[in-house]
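Commentary on secondary and tertiary structure
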Amino acid sequence: MEHLEEIKINDIWQHNVNLLIGSGASFGLFPTLATQMEDESIETLGKYFEDENKPQLKSLLFMYYYVNCIEPVISFNIEYTKLGADLGLEEDINKLSVIKNYQLLLKTLKTIASKNKSQKKANIFTTNYDSCFADAYEELLLEESNLEFVLNDGSKGFRRKFVEARHFDTFEIKHSIFGKNCFSIPQANLVHLHGSAFWTLNDNRIAVNYDDKDCKFEDKFFDSVKDELEGLEGILNNKEATRGAFNAITFNGTFSDIEKIFWATYKKLPIVNPTKWKFHETVFDEHYYQMLRLMSYELEKQDSALIVFGFSFADEHITNLIKRSLGNKSLTMYLCCFDAFTVDAMEDLFGSFNNVKLIKLDGFLDFDAFNNEVFKLPN
């Protein structure tokens, strides 16, 4: 397996360019599913609690997941963050730097799409359910009023926007004044494989509203399980902790009532369940498999490239889809490895494929390094 330090964009200008972006891209803005425990994550622990028939621990873990991973995504407001950054607040400055990295990635894709002679588009497949790409795109529109670049999230509408797979086949065409000449506007399709915190079910259709910042639970809903959540968090943040440590958590008498209310609301969320990699609603589940088929279709095209960043390959459906797609010998996958541990894990997973290239640096390959050292435009 070949090891590289950068992706030579000149080699993929005219290819069918696809990106797979995971939660590592939003690190610093939103928490990931990782824990401090050795070889454990929210995914592995959730599956363990299911397999070992520990329903209360599973419920507590998902409450923690909602409070720490989902609610920050829903409540994030870029305008407040920009205001805080202007006031010199370090936390907001760091958060805004993540959005700026998303902007830089979109600028790179804009250039690639505009240079492609056969198709003026690239595809972004993401398992993130945040609004970072949407926020970054709108920031680009504010910076450049005549921006000739489209970010297509598969939605159409005005007051109510609906997401459908067929919308990814649409393009914007620009005509000259008298209509004699026309050309396609460069475009990036944004495909949310794991759903979006800003989706809702509307008459058996997926509606999207990026202004919906409302918490899905009432204020102080989790106060009655505060002690249990703090006990869980203490274990998750302990590098020496083992799975047996969770048995020491005790549950108060009202936990079962809170648990029922929690699951009734949580199951309505339009995001993939991180233990079974499925949605709770059939409509969302059908869309998930439609998007997987779209991804498979794109990767099977002649002369395709797949650039993977910040993705853990915990979703077995996506992992198996990519392995099958690598049977297309004209497909090249570039795996960006955060550190030496990631390099070892990816070699174990994809070592048998000759069309996979590992990207690694001497230091950590974070989003900033990805944009400025690995996936950068040639001078």
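The structure this text deals with has already been given above.
Here's a quick rundown of the structure. (Residues numbered from 1 in each chain as written. Predicted model: local features only at pLDDT ≥ 70, side-chain atom pairs only at ≥ 80, totals over all residues. Heavy atoms only, no water.)

On the surface, a cluster of negative charge is made up of Glu 5, Asp 362, Asp 366, Asp 368 and Glu 373. Structurally, Asp 368 can be placed in helix 11 (residues 367–374). On the basis of relative accessible area, Asp 368 is assigned to the partly exposed category, the value being 44%. (Patch = residues over 30% accessible without salt bridge, like charges linked within 9 Å, V, L, I, M, F, W, Y side chains within 5 Å. Areas by Shrake-Rupley, 256 points an atom, 1.4 Å probe, with all protein chains shown as cover. Salt bridge = Lys/Arg side-chain N within 4 Å of Asp/Glu carboxyl O. Lys, Arg positive; Asp, Glu negative; His and termini not counted. Charge placed at Lys NZ, Arg CZ, Asp CG, Glu CD. Helix = DSSP H or I, 4+ residues; strand = E, 2+ residues; numbered from the N terminus. Buried < 20%, exposed > 50% of the residue type's maximum accessible area, 1.4 Å probe, protein only.)

On to the side chain of Ser 196. By the element assignment, Ser 196 lies in the loop between strand 9 (187–192) and strand 10 (199–202). The class for Ser 196 is buried, based on a relative accessible area of 0%. In contact with Ser 196, other than residues within four places in its own chain, are Tyr 129, Pro 270 and Ile 271. (Contact = heavy atoms within 4.5 Å.)

Right, let's get into the packing of aromatic side chains. All chains considered together, the criterion is met by 31 aromatic pairs. Plain terms: the ring middles of Trp 263 and Tyr 266 are 5.5 Å apart, the flat faces sit at 85 degrees to each other, and that makes the pair edge-to-face. Linking Trp 263 with Tyr 266, this pair stays in helix 7 (residues 255–266), spanning three residues, or about one helical turn. Residue class for Tyr 266 comes out buried when judged on its relative accessible area of 2%. Ring centres of Phe 309 and Phe 370 lie 4.7 Å apart, and the angle between their planes is 25 degrees; on these two criteria the pair is classed as stacked. One end of the pair, Phe 309, is in strand 12 (residues 304–309); the other, Phe 370, is in helix 11, with 61 residues separating them in the sequence. By the burial criterion, Phe 309 is buried, and Phe 370 matches it. (Phe/Tyr/Trp six-rings, centres within 6.5 Å; stacked < 30°, edge-to-face > 60°.)

A word on the pattern of salt bridges. Enumeration over the complete set of coordinates arrives at 14 salt bridges. Of the charged contacts in the structure, one is a salt bridge between Asp 51 and Lys 47, with a shortest N-O distance of 3.0 Å. Separated by four residues within a single helix, Asp 51 and Lys 47 lie in helix 1 (residues 42–51), roughly one turn from each other. A residue is classified by how much of its surface remains accessible, and Lys 47, at 44% relative accessible area, is partly exposed. Three or more residues are tied together by salt bridges with common partners; here these are Glu 79, Lys 82 and Glu 139.

Keep in mind these numbers describe shape, not what the thing actually does.
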